[in-house]
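A structural walkthrough
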Number of protein chains: 2
Amino acid sequence: MKFSPLVDELIQSLRALPGVGPKSAQRMAFQLLERERKVGLKLADSLQKAMSEVGHCQSCRTFTEQDLCPICSSHRRVNSGIICVVETPADVLAIEAGGHFNGRYFVLLGHLSPLDGVGPEELGLALLERHLTSDDVSELILATNPTVEGDATAHFIADMARRHNVVISRIAHGVPVGGELEYVDSTTLALSFNGRIPLL
Amino acid sequence: MKFSPLVDELIQSLRALPGVGPKSAQRMAFQLLERERKVGLKLADSLQKAMSEVGHCQSCRTFTEQDLCPICSSHRRVNSGIICVVETPADVLAIEAGGHFNGRYFVLLGHLSPLDGVGPEELGLALLERHLTSDDVSELILATNPTVEGDATAHFIADMARRHNVVISRIAHGVPVGGELEYVDSTTLALSFNGRIPLL
C-alpha cells in the first residue's frame, strides 16, 4: 500500500542512506513523525547546510567549510614536518582517535583505479608534490589501506616523493594487538614475519 | 578530534535516528559528502516538508498531509463497515502488505499506559466512539499487540464498544505459519490450543 505522498517520499529518501533498508527507513520516518519532529527539522537543517557549504581543505583535501581544516591551521602540526597520506577523511578520524600522531595529513579521497578513471590528478598528487617542494617536509608516511589498490597507490606516491629530499615510510602491517595468531590470515602473518623488529 | 563544525553537527544529527550509532553516522555523513550531495539535499528537503506538513487523518489518526488518508477517502473501504483498531501507523502498513483486509483502520498511536499518562483521551477513543455511533459499523476488529498493555487496551475498547450494536473480535494468536512447535514459547502455544478451530 502507499502512504501519503510526503511520508512515502521521506521513507524513500531515508533508504538512500548507507545501511538503511526499507524496514529501518520506515521505522526512522515513523519515530521522527511520532515523537521527534524537532530532531527531524534539525537533521534537515544540518544536512542542508553541510551539503551546500562543506568543501575541501585547500591544504590536505579533507572535509571542511573553511579554507583550511583545524589540523592544517595548527602551526604546531604543520611545523612538525611530517605528512601522513591517507585515503579518506574517515581514516584521519581513526588516526586522530589514537592521539599519537602529531603531524598533518594529506587525504587522497580515493586510491589509484585506472578502470574507474581515478588517476594521479583525481588524487590531488600535484598538490602533494607542491607541499614536498615548497614546505619544510622531513617525512612522508604512507598510510593507505593494505589492499592491492592501496599498495599500488603507496608505491606510486613513493616513486614521486623520491625526487624530493624526504624520508618515505609505510605503516607496519601485522598481527593486530589483542588478535590471536590462530585466527590471523596467512598474508598478514607473512607480513608480520617480514616486518619483524629485533629486540635489543 | 573534532571535525569542522558543520560536519560534526551533521554526524550528531544523524545519530539521533533510531539504530544509528557513532560509526554509522560518520559513514553516512562521509558517503553523502563524498559522492551524494544531491541525495543529501533531497533528504533534507523531504525531512523539512514531512516534519512541518504531515499531520493525522481526521478519521483514523494515521499519518497524512491531507484531511483524510487514502484509505479513509475510499468509499469502498469505508462502506465495508469494518474497523480494525491498531496501535501504530506501521501496523497499518503491515496489514496492508497482506492485501487481505478490505475495511478501514483506527490508529490509537499507542496503548493504555496510565503511568506514562496515556489514557483513553490520548488514544482518541472519543473519536472511535463517534464512528461507532454515527457511521454504519458492523464489526470492530481489535488488532492491538499481544502484550500486557495491548491486551488491556483491547479489553477497554471492547467494553466501550459493547454499548453499541457491533460485533467485536480480536485477531487470533497462535503458532505463526512456517514456525516450528519446538521453538514456540509456551504462552503462544497455550493460546493456540485455547483458540483451536474444529475441522469440519
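Residues numbered from 1 in each chain as written. Chains lettered and ligands numbered in written order. Predicted model: local features only at pLDDT ≥ 70, side-chain atom pairs only at ≥ 80, totals over all residues. Heavy atoms only, no water.

As annotated in an unreviewed UniProt entry, chain A carries the name Recombination protein RecR and is attributed to Shewanella vesiculosa. Turning to chain A, the UniProt record has this under Sequence similarities (unreviewed entry): "Belongs to the RecR family." Heading Function (unreviewed entry) of the UniProt record for chain A holds this comment: "May play a role in DNA repair. It seems to be involved in an RecBC-independent recombinational process of DNA repair. It may act with RecF and RecO." (UniProt positions renumbered as here; feature names shortened; annotations may be inferred.)

1. Things to note about the UniProt feature "domain: Toprim" (unreviewed entry) in chain A
Here the UniProt-annotated "domain: Toprim" (unreviewed entry) positions come out as residues 81-176 of chain A. Secondary structure across residues 81-176 of chain A comprises 35% helix and 18% strand; the distance between its end C-alpha atoms is 28 Å. (Helix = DSSP H or I, 4+ residues; strand = E, 2+ residues; numbered from the N terminus.)

2. Regarding the pattern of salt bridges
Applying the stated criterion across every chain, the model contains 18 salt bridges over all chains. Residues A:Asp45 and A:Lys49 are paired through a salt bridge, measuring 3.7 Å at the closest nitrogen-oxygen approach. Here A:Asp45 pairs with A:Lys49, and both are found in helix α3 (residues 37-53), just four residues apart, close to one helical turn. When salt bridges with common partners are traced through the structure, they connect A:Glu9, B:Lys42, B:Asp45 and B:Lys49 into a single cluster. (Salt bridge = Lys/Arg side-chain N within 4 Å of Asp/Glu carboxyl O.)

3. Quick look at the sheet that holds strand β4 (residues 104-107) of chain B
Residue and element names in this part refer to chain B. Judged by pairing direction, the sheet is parallel, and its four strands sit side by side in the order β4-β3-β5-β6 without closing on themselves. Edge strands, defined here as strands with exactly one partner in the open sheet, are β4 and β6 (167-170). Between one strand and the next, the sheet's axes are offset by a mean angle of 25°, whatever the strand orientation. As paired strands, strand β3 (residues 82-86) and β4 are joined by four bridges and run parallel to one another. The residue bridging Cys 84 from the neighbouring strand is Tyr 105, located in β4. Packed onto the sheet, helix α5 (residues 89-98) meets β3 and β4 and runs at close to 155° relative to β4. (Pairing = 2+ DSSP bridges. Axes fitted to C-alpha atoms, helices over the stretch in contact; angles between N-to-C directions. Contact = heavy atoms within 4.5 Å.)

4. Section: the domain arrangement of chain A
In terms of domain boundaries, chain A breaks down into domain 1 (5-53) and domain 2 (68-170). Just the C-alpha atoms count here: the centres of domain 1 of chain A and domain 2 of chain A sit 35 Å apart. (Domains from an automatic or database assignment.)

5. Notes on the interface of chain B and chain A
Contacts between chain B and chain A engage 52 residues on the former and 53 residues on the latter. Across the interface of chain B and chain A, roughly 5300 Å² is buried in total on both sides, 72% from carbon and sulfur atoms. Counting the surface chain B buries against chain A, the share from its top three residues, B:Leu6, B:Met51 and B:Phe63, is 14%. At the junction of chain B with chain A, the criterion picks out four salt bridges. Residue B:Lys49 is joined to A:Glu9 by a salt bridge in which the shortest nitrogen-to-oxygen separation is 4.0 Å. Here chain B is connected to chain A by 14 residue pairs in polar contact (both at pLDDT 80 or more). Every element with two or more residues in the side of chain B that touches chain A is listed here: α1 (5-15), α2 (22-35), α3 (37-53), β2 (63-64) and α5 of chain B. (Buried area = accessible area lost by both parts, 1.4 Å probe. Polar contact = N/O pair within 3.5 Å; in protein donor to acceptor, adjacent residues only side chain to side chain.)

6. A word on the sheet that holds strand β6 (residues 167-170) of chain A
Residue and element names in this part refer to chain A. Pairing in this open sheet of four strands is parallel, and the strands run β4-β3-β5-β6 from one edge to the other. The open sheet is flanked by β4 (104-107) and β6, the only strands paired with a single partner. Geometrically, the sheet is characterised by an average inter-axis angle of 25° between neighbouring strands, direction not taken into account. Bridge count for strand β5 (residues 139-142) against β6 is four bridges, and the pairing is parallel.

7. Considering the nonpolar core
Formed by 44 residues in total, the largest nonpolar core has its most connected members in A:Leu47 and B:Leu47. Only α1 (5-15), α2 (22-35) and α3 of chain A together with α1, α2 and α3 of chain B provide two or more residues apiece to this core. With residues up to four places along the chain from it excluded, the contact list for B:Leu47 reads A:Leu10, A:Leu32, A:Gly40, A:Leu43, A:Ala44 and A:Leu47. (Core = buried A, V, L, I, M, F, W, Y, C linked by side-chain atoms within 4.5 Å. Buried < 20%, exposed > 50% of the residue type's maximum accessible area, 1.4 Å probe, protein only.)

8. Notes on the relation of the copies chain B and chain A
Mapping chain B onto chain A calls for a screw motion: a turn of 180° about the axis and a shift of 0.0 Å along it, with 0.0 Å RMSD after fitting. Seen this way, the second copy is the image of the first under a two-fold rotation axis. Residue B:Ala44, judged by its C-alpha, is the member of chain B lying nearest the rotation axis, at 2.1 Å. A shared binding surface is used by both copies, with 100% of the interface residues of chain B retained as interface residues in chain A. (Least-squares fit on C-alpha atoms with pLDDT ≥ 70 in both.)

9. Side note on the packing of α2(B) against α3(B)
Residues and elements named next belong to chain B. At a closest axis distance of 6 Å, the pairing of α2 and α3 adopts a crossing angle of 120°. When the axis of α2 is compared with that of α3, the two are oblique. Residues Leu 32, Leu 33 and Arg 35 of α2 lie in contact with α3, whose contacting residues are Arg 37, Val 39 and Gly 40. For the contact of α2 with α3, the residue count by class is three nonpolar, one polar and two charged. (Parallel < 35°, antiparallel > 145°, perpendicular 65-115°, else oblique. Nonpolar A, V, L, I, M, F, W, Y, C, P; charged D, E, K, R; others polar.)

10. Some remarks on the UniProt feature "zinc finger region: C4-type" (unreviewed entry) in chain A
When the UniProt feature table is mapped onto this chain numbering, "zinc finger region: C4-type" (unreviewed entry) sits at residues 57-72 of chain A. Its end C-alpha atoms 8 Å apart, residues 57-72 of chain A is made of 0% helix and 12% strand.

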